[in-house]
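The lines below spell out each chain.
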Amino acid sequence: MERFNPKVFLRSLLLSYLLSGILLVVISFALYRFRLKESQIQMAVILVYVLSCALAGFLTGKGIRRQRFLCGLMAGILYFAILLAVSFLMEKGIAPSIQQMVTVLAICAGSGVLGGVLS
């Protein structure tokens, strides 16, 4: 069994953000082509969070090979933390409400746990 290795977390987060980027480009194209409603786009963005964090949790669980539940949880929380930091830097402050942030954190952490458990 492999011990804690930050490279595993970095690799899994990099791949999950790559997946996020690809899926967001697909959503952008769908928005342009099909003139989607705002509610449809919000659901698609939530789906991107779920898939990306689940991938991060899955890859982290596979890489660490022990305590997969906690590895997935940590991957989801790290995904959220990076997302929050980039949003903070781009917006020069935190724009969304606390409720939205807690919801996204719960989605990211839960999806990471799911991915870790499935690994």
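On a predicted model such as this, the values are computed, not experimentally measured, just so you know.

**Section: the overall build of the protein**
Link 1 in the chain: Per the secondary structure count, the protein includes four helices and zero strands.
Link 2 in the chain: In terms of C-alpha radius of gyration, the protein reaches 15 Å, essentially the compact-globule figure of 14 Å for 119 residues.
Link 3 in the chain: A principal-axis box enclosing the C-alpha atoms of the protein has dimensions of 50 × 30 × 20 Å.
Link 4 in the chain: Looking at the protein as a whole, 31% of its 119 residues qualify as buried.
Link 5 in the chain: A total of about 7900 Å² of accessible surface is found on the protein, and carbon and sulfur atoms cover 71% of it.

**Here's the deal with the packing of aromatic side chains**
Link 1 in the chain: Tallying each qualifying case throughout the model produces one aromatic pair.
Link 2 in the chain: An angle of 10° between the planes, with centres 4.4 Å apart, marks the rings of Tyr17 and Tyr79 as stacked. With Tyr17 in helix H1 (residues 6–34) and Tyr79 in helix H3 (residues 68–91), the pair connects residues that are 62 residues apart, well separated along the chain.
Link 3 in the chain: Judged by relative accessible area, which is 23%, Tyr17 ranks as partly exposed.

How each quantity is defined
- Residues numbered from 1 in each chain as written.
- Predicted model: local features only at pLDDT ≥ 70, side-chain atom pairs only at ≥ 80, totals over all residues.
- Heavy atoms only, no water.
- Helix = DSSP H or I, 4+ residues; strand = E, 2+ residues; numbered from the N terminus.
- Rg over C-alpha atoms; globule rule 2.2 N^0.38 Å.
- Buried < 20%, exposed > 50% of the residue type's maximum accessible area, 1.4 Å probe, protein only.
- Areas by Shrake-Rupley, 256 points an atom, 1.4 Å probe, with all protein chains shown as cover.
- Phe/Tyr/Trp six-rings, centres within 6.5 Å; stacked < 30°, edge-to-face > 60°.

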